[in-house]
Amino acid sequence: MKLLIKSGQKLTDPEFLQIKESHFREFKDGPNKKEDLINHIFFLLKNKKKILALGALIPISFISFNAEKFSVLGIGGIVANIKRKGYGKKIMTAIRKYLTIKNITGVGFCGEYNVPFYKKCGFKTDKNSIKQFIYYKNDKRIPNTMNDHVVYLDGKDDFMQKVLFHPETDIVLPRPPNW
Ligand SMILES: CC(C)(COP(=O)(O)OP(=O)(O)OC[C@H]1O[C@@H](n2cnc3c(N)ncnc32)[C@H](O)[C@@H]1OP(=O)(O)O)[C@@H](O)C(=O)NCCC(=O)NCCS
């Protein structure tokens, strides 16, 4: 078993197909072509050619919040193809190390059911701030209707600490919060 960290640009065709299959199975949505993933940083736990678990960090910039601009890494597409064998935790541990070494904030979203998993992997979660994550489409404010929790690890910008300190302030994303 080995854990690879690789750019979306460097995915092989069999890796892309397995990622696509996992995403459509678990999220009913996913990438249609490799080009959709070129700016992602992938974390793949592999046994020979088979991907056991996967996840990605997706650059999100710029986020406008409280008169500041932030660049964070979106935590997305976390899947263990075989559940409850510690494979998901191996991915999240590698992601945690990556964020810690780079000192960059990571932010993702998850349902209530997965909150204990992320906590066990050393991430923080928050329920209240989810409604602050909005974006604009054609000058129209699109509110966040997800009932999710925010999963995060703060880096040197202390992004989520600042968010928690201003619970009424919009976090304006450059894209929908669907990474
Ligand atoms: C969420 C997911 C990635 C977890 O991966 P996994 O490989 O099954 O989890 P692990 O075996 O690594 O579990 C790590 C720890 O979390 C615990 N855990 C995992 N899922 C849990 C859950 N839903 N509730 C409570 N604890 C959970 C495990 O018991 C384990 O605890 P331990 O370290 O004390 O032994 C996996 O369930 C999955 O692929 N789900 C479908 C896709 C999905 O929802 N992804 C998340 C999107 S936000």
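Provided above is the structure to which this section pertains.
For the structure given in this document, a descriptive report is provided here. (Residues numbered from 1 in each chain as written. Predicted model: local features only at pLDDT ≥ 70, side-chain atom pairs only at ≥ 80, totals over all residues. Heavy atoms only, no water.)

**What about the site of the ligand?**
Close contacts around the ligand come from 20 residues, with I78, A80, R84, G86 and K89 the closest. In this structure, I78 approaches the ligand through a main-chain N or O atom, which is 2.7 Å from a nitrogen atom. Contacts to the ligand include R84, whose backbone N or O atom sits 2.7 Å from an oxygen atom. For the ligand, the protein covers 78% of the area, taking 920 Å² as the surface of the free molecule. (Near = heavy atom within 4 Å. Polar contact = N/O pair within 3.5 Å; in protein donor to acceptor, adjacent residues only side chain to side chain. Areas by Shrake-Rupley, 256 points an atom, 1.4 Å probe, with all protein chains shown as cover.)

**Describing the pairing of strand β9 (residues 149–153)**
Among the five residues that make up β9, five are buried, leaving the element largely enclosed by the rest of the structure. Residues H149, V151 and L153 of β9 are buried on one face, and the alternating residues V150 and Y152, pointing to the opposite face, are buried as well. Looking at chain direction, strand β6 (residues 124–126) and β9 are connected through three bridges and run antiparallel. Looking at the pairing, K124 lines up with Y152 of β9. (Buried < 20%, exposed > 50% of the residue type's maximum accessible area, 1.4 Å probe, protein only. Helix = DSSP H or I, 4+ residues; strand = E, 2+ residues; numbered from the N terminus. Pairing = 2+ DSSP bridges.)

**A short note on the pattern of salt bridges**
Scanning the model with the defined rule gives eight salt bridges in all. Here D13 makes a salt bridge to K34, at a shortest N to O gap of 2.9 Å. One end of the pair, D13, is in helix α1 (residues 13–27); the other, K34, is in the loop between α1 and β2 (41–47), with 21 residues separating them in the sequence. The partly exposed category is assigned to D13, whose relative accessible area is 49%. Note that K33 and D36 form a salt bridge whose closest N and O atoms lie 2.9 Å from each other. A single salt-bridge network, built from bridges that share partners, covers K6, E15 and K46. (Salt bridge = Lys/Arg side-chain N within 4 Å of Asp/Glu carboxyl O.)

Interpretation in functional terms is not warranted from these geometric data alone.
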